[in-house]
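Spelled out, the chains give:
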Amino acid sequence: MSTIRTPPSLKWLITKRARLLGDLLKLREALPLRLAELRTDVVEAERALAQAEHRLEHVPMLLENSIQCLEVQLHALDVTLGLHEIPINPDLIPPIRTQESGRIIGHGELTRGIFTGLRLAKGEALTTTALALYVASRHGLELEGAEFLGFREKIRYRLKTLCREGKVCRLHLAKTQLEGRWALPAAVTRQAQLSFD
């Protein structure tokens with residue numbers, strides 16, 4: 001029985017078709033996974049946009065309030081200086097700028113303060129502001145106005161990182177809540193068990 005030899009040109013076409021079919025199947029299999037990744041990227045981008053829009057809506061107002069408070073305090077000091085027996089022109093006093101960047105507490109103290117505050121809450125959720133106030137008071141920081149807002153923002157970003165690492169639980173929807181609420185994972189698990197009992 002004789003066998004028919006496949007000509008090289010036909011073999012090349014068969015191999016080419018097989019490779020194209022393999023590439024096509026690979027792309028078809030990858031498409032749902034890639035679409036899921038892109039949808040996740042869109043959700044993350046929408047969340048980031050919502051947070052940025054929220055900050056754009058509220059932070060300028062908070063900063064404006066802080067500016068007004070500082071202007072009132074400055075005016076009060078100017079009036080008080082004018083009452084002193086030694087005449088001092090307040091306009092000749094140069095400003096002392098507080099340090100805006102850099103660490104105001106030691107390395108790792110932010111995270112330690114967050115965990116201590118959440119443990120002391122004994123299973124209750126704490127807001128971002130409450131945690132910022134606790135950590136600041138724990139380190140004897142007297143922060144007001146823009147300084148406190150900046151410190152609170154550092155706490156919020158650290159909480160978001162800890163949440164991604166699974167060390168802290170977010171108990172709010174980023175898009176709808178003005179104030180974040182946080183708890184330790186053990187507290188959330190305990191509350192879930194109690195709700196099923």
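Calculation criteria
What you see as residue numbers is a count from 1 along each chain, following the sequence as written. Only residues with pLDDT of 70 or above have their local features reported here, since the model is predicted, and side-chain atom pairs are shown and tallied only from 80 upward, although totals for entire chains, interfaces and linings are computed over all residues. The side-chain quantities take in all heavy atoms of the structure and omit both hydrogens and water. Here the axes come from fitting lines to C-alpha atoms, over the contacting stretch only for helices, and the angles between their N-to-C directions go from 0 to 180 degrees. Runs of H or I in DSSP of at least four residues are treated as helices and runs of E of at least two as strands, each being numbered from the N terminus. Note on angle classes: values under 35 degrees are labelled roughly parallel, values over 145 roughly antiparallel, values of 65 to 115 roughly perpendicular, and the remainder oblique. Only heavy atoms enter the contact rule, under which two residues are in contact if any of them lie within 4.5 Å. Under this grouping Gly is polar, as are all residues other than the nonpolar Ala, Val, Leu, Ile, Met, Phe, Trp, Tyr, Cys and Pro and the charged Asp, Glu, Lys and Arg. pLDDT expresses how confident the predictor is about each individual residue, on a scale running from 0 to 100. Only rings of Phe, Tyr and Trp enter the pairing, Trp through its six-membered ring, and a pair is recorded when the two centres are within 6.5 Å. The plane angle decides the type: under 30 degrees is stacked, over 60 is edge-to-face, the rest tilted. Geometrically, a charge over a ring is one whose NZ (Lys) or CZ (Arg) sits within 6 Å of the ring centre while staying within 35 degrees of the ring normal.

1. Digging into the packing of helix 2 (residues 109-120) against helix 4 (residues 145-164)
Here helix 2 crosses helix 4 at 75 degrees, and the two axes come no closer than 10 Å. The orientation of helix 2 relative to helix 4 falls into the category roughly perpendicular. Facing helix 2, whose interface residues are L110, T111, I114 and F115, helix 4 presents F151, K154, I155, R158, L159 and L162. In terms of residue class, the contact of helix 2 with helix 4 is built from seven nonpolar, one polar and two charged.

2. Focus: the confidence of the model for the protein
With 87% of its residues at a pLDDT of at least 70, the protein reaches an overall mean of 83. Mean pLDDT per element in the protein: helix 5 (residues 185-196) is the minimum at 57, and helix 2 is the maximum at 91. Note on residues 192-197: pLDDT under 50 across the span, and zero contacts to partners over four residues away in sequence or across chains.

3. Focus on the packing of aromatic side chains
All told, the structure shown has zero aromatic pairs when counted by the stated rule. Positioned above the aromatic ring of Y157, the side-chain terminus of R156 is 4.9 Å from the ring centre.

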